[in-house]
Amino acid sequence: MTKRANNSSRPLQVVQFTDTHFFGSPQGRLMGVDTSFTFAEVKRLAQSQRGTPDFYLLTGDISQDETESSYRKFSQSIRDLQAPAYVLPGNHDARAVMRQVFSESDAPIRDDLSFVSGAWQIILLDTLVERQVGGHLSETELERLEVALSAYPEHHALVCLHHHPLPAGASWIDGIGLDNAADFTDTLDRHTNVKGVLWGHIHQQFDLERRGVKYMATPSTCVQFKPRSESFAVDAVPPGYRWLELCADGHVLSGVERASRVATGLDLSSAGY
Ligand SMILES: [Fe+2]
Ligand SMILES: [Fe+2]
């Protein structure tokens, strides 16, 4: 846990990048897409539109192939970020490899699992189950969430994870979400300071308000999945990122911005990933 200085009257500026799916090899492609190229494009867009935020959130599937070189390549690609980047793993990540490479990197990557900034506490959860696409919150992670929320009852909380805790609205994708989502939402519901929940994994935008809490998912920086499709389908919409403004009074302002074009090389006929 670290505390970051902030003039608490102004909103915290946050940028989320998710599901970058980097490859170790320069020839690596996800459904025909050069993921490092599309990430660079989305990162430049965020930098031009949002300037330097207070911090970045990277919500998993950093790598597609779990290789050291993919994490090295990713960390090199964010060396120019002028604010700390907090990271949590997704189902495609190898958490030990990722943490090791990032700890040796000169990119502004932070390994804090929670931190306080101004009027807010940010909590990053690990839902990765090795060799499984769907996610799970262990007893340890649920306990850590409970303890963190109880430790700062006067701070608003933004909780981040990779897997979706609410249905996205299609059977194939809802079969690979957070398998103990009720344990998660029960914990959140016991605390009035939770104001936002943020995830990746579903490669599409999702916004829902539940019990006064904003639940948000964000497009991937590479390939998008078609919303409400009964079976896996690629969506021909551009990659993007999410910005958030976390106000001192607990309000969350947020939006998704997308690149101007669909990812070059995208294979719309892909049958899975
Ligand atoms: Fe992903
Ligand atoms: Fe994922």
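For the structure itself, look to the data block above.
For clarity, every value in this text was computed on a predicted model and none was experimentally measured. Each chain carries its own residue numbering, running from 1 in the written order of its sequence. Whichever chain is written first becomes A and whichever ligand is written first becomes 1, with later ones labelled in order. In keeping with the predicted nature of the model, local features appear solely for residues at pLDDT of at least 70, side-chain atom pairs appear and are counted solely at 80 or more, and the whole-chain, interface and lining totals rest on all residues. Only hydrogens and water are set aside when side-chain values are computed; all heavy atoms of the structure are taken into account.

### Overview of a negative patch on the surface
Argument step 1. Without a salt bridge and with relative accessible area above 30%, a residue can belong to a patch; like charges are then joined within 9 Å and nonpolar side chains (Val, Leu, Ile, Met, Phe, Trp, Tyr) within 5 Å. Using the Shrake-Rupley algorithm and a 1.4 Å probe, accessible areas are obtained, with residue cover drawn only from the displayed protein chains. The term salt bridge refers to a side-chain nitrogen of Lys or Arg lying within 4 Å of a carboxyl oxygen of Asp or Glu. Within this scheme the basic residues Lys and Arg register as positive and the acidic residues Asp and Glu register as negative, but His and the chain ends are omitted. Charge positions come from single atoms, namely NZ of Lys, CZ of Arg, CG of Asp or CD of Glu. Taken together, the side chains of Glu139, Glu143, Asp179, Asp183 and Asp186 make up a negatively charged region of the molecular surface.
Argument step 2. Each helix is a run of DSSP H or I of at least 4 residues and each strand a run of E of at least 2, with the numbering of both proceeding from the N terminus. Looking at the negative patch, the elements with two or more residues in it are α4 (139-151) and α6 (181-189).
Argument step 3. Residue placement: Asp183 occurs in helix α6.

### Observations regarding the coordination of the iron ion (ligand 2)
Argument step 1. For Na, K and Ca the donor cut-off is 3.2 Å, while for other metals it is 2.8 Å, and in both cases only N, O and S atoms qualify; water is not among them, so sites may look incomplete. For the iron ion (ligand 2), the protein coordination sphere consists of Asp61 (OD), Asn91 (OD1), His162 (NE2) and His201 (ND1), at 2.1 to 2.2 Å.
Argument step 2. Just to be clear on the cut-offs, tetrahedral is four donors with all angles between 85 and 135 degrees, square planar is four donors and octahedral six with opposite donors over 155 degrees apart and all others between 65 and 115, and anything else goes down as irregular. For the iron ion (ligand 2), the 4 donor atoms in the first shell make angles of 90 to 160° at the metal, a pattern classed as irregular.
Argument step 3. Donor residues for the iron ion (ligand 2) sit on one chain with the sequence pattern D-x29-N-x70-H-x38-H.
Argument step 4. Metal-to-metal, the separation of the iron ion (ligand 2) and the iron ion (ligand 1) is 3.5 Å; Asp61 coordinates the two. With a gap of 71 residues between them, Asn91 in the loop between β4 (85-88) and α3 (95-103) and His162 in the loop between β8 (156-160) and α5 (171-174) connect regions that are remote in the sequence. For the pair shown, Asn91 and His162 are each scored as buried. Each residue is placed in one exposure class: buried if its accessible area under a 1.4 Å probe, protein chains only, is under 20% of its type's maximum, exposed if it is over 50%, and partly exposed if it falls in between.

### Overview of the sheet that holds strand β14 (residues 240-246)
Argument step 1. One open sheet holds the 6 strands; their spatial order is β5-β4-β3-β2-β14-β15, and the pairing between them is mixed. With one partner strand each, in any of the chains shown, β5 (109-110) and β15 (252-258) form the two edges of the open sheet.
Argument step 2. Packed on one face of the sheet, helix α1 (residues 35-50) meets β2 (12-17), β3 (55-59), β14 and β15 and runs near 30° to β14.
Argument step 3. Whether two residues are in contact is decided by their heavy atoms: any pair within 4.5 Å suffices. Comment: axis = line fitted to C-alpha atoms, over the contacting stretch for helices; angle = value between 0 and 180 degrees taken between N-to-C directions. Against the sheet, α3 contacts β4 and β5, and its axis sits at roughly 160° relative to β4. Two strands qualify as a pair provided that DSSP identifies no fewer than 2 bridges between them.

### Topic: the coordination of the iron ion (ligand 1)
Argument step 1. Surrounding the iron ion (ligand 1) are the protein donor atoms Asp19 (OD), His21 (NE2), Asp61 (OD) and His203 (NE2), which sit 2.1 to 2.3 Å from the metal.
Argument step 2. One can describe the site at the iron ion (ligand 1) as irregular: its 4 donor atoms subtend angles covering 86 to 173° at the metal.
Argument step 3. When the donor residues of the iron ion (ligand 1) are listed from N- to C-terminus, their spacing reads D-x1-H-x39-D-x141-H.

### Description of the pairing of strand β10 (residues 206-210)
Where a strand is regular, its side chains alternate between the two sheet faces.
Argument step 1. By the bridge criterion, 5 bridges tie β10 to strand β11 (residues 213-217) in an arrangement that is antiparallel. Bridge pairing in β11 places Asp207 opposite Met216.
Argument step 2. Counted between consecutive antiparallel strands, the loop separating β10 from β11 contains 2 residues, among which Arg211 sits at a positive phi close to 50°.

### Digging into the packing of aromatic side chains
Two aromatic rings, taken as a pair, are described by how far apart their centres are and by the angle between their planes.
Argument step 1. Stacked, edge-to-face and tilted labels apply to pairs of Phe, Tyr and Trp rings (six-membered ring for Trp) whose centres lie within 6.5 Å, assigned for plane angles under 30 degrees, over 60, and everything in between, in that order. Inspection of the entire model under this criterion finds 16 aromatic pairs.
Argument step 2. When the ring of Phe39 is compared with that of Phe74, the centres are 5.3 Å apart and the planes differ by 45°; the resulting orientation is tilted. Of this pair, Phe39 sits in helix α1 while Phe74 is found in helix α2 (residues 68-77), placing the two residues 35 residues apart along the sequence.
Argument step 3. Phe39 gets classed as buried once you look at its relative accessible area, which sits at 0%.

### Side note on the environment of Tyr241
Argument step 1. Turning to its location among the elements, Tyr241 is positioned in strand β14.
Argument step 2. Residue Tyr241 is classed as buried on the basis of its relative accessible area, which comes to 0%.
Argument step 3. The spatial distance from the C-alpha of Tyr241 to the C-alpha of Ala107 is 19 Å, given a sequence separation of 134 residues.
Argument step 4. Those residues in contact with Tyr241 that lie beyond four places of it in its chain are Val15, Gln16, Phe17, Val42, Leu45, Ala46, Gln49, Arg50, Thr218, Gly255, Val256 and Glu257.
Argument step 5. Here a polar contact is taken to be a pair of N or O atoms separated by no more than 3.5 Å, where protein atoms must pair a possible hydrogen donor with a possible acceptor and residues adjacent in sequence count only if both atoms sit in side chains. Within the structure, Tyr241 has its side chain in polar contact with the side chain of Gln49 (distance 2.6 Å).

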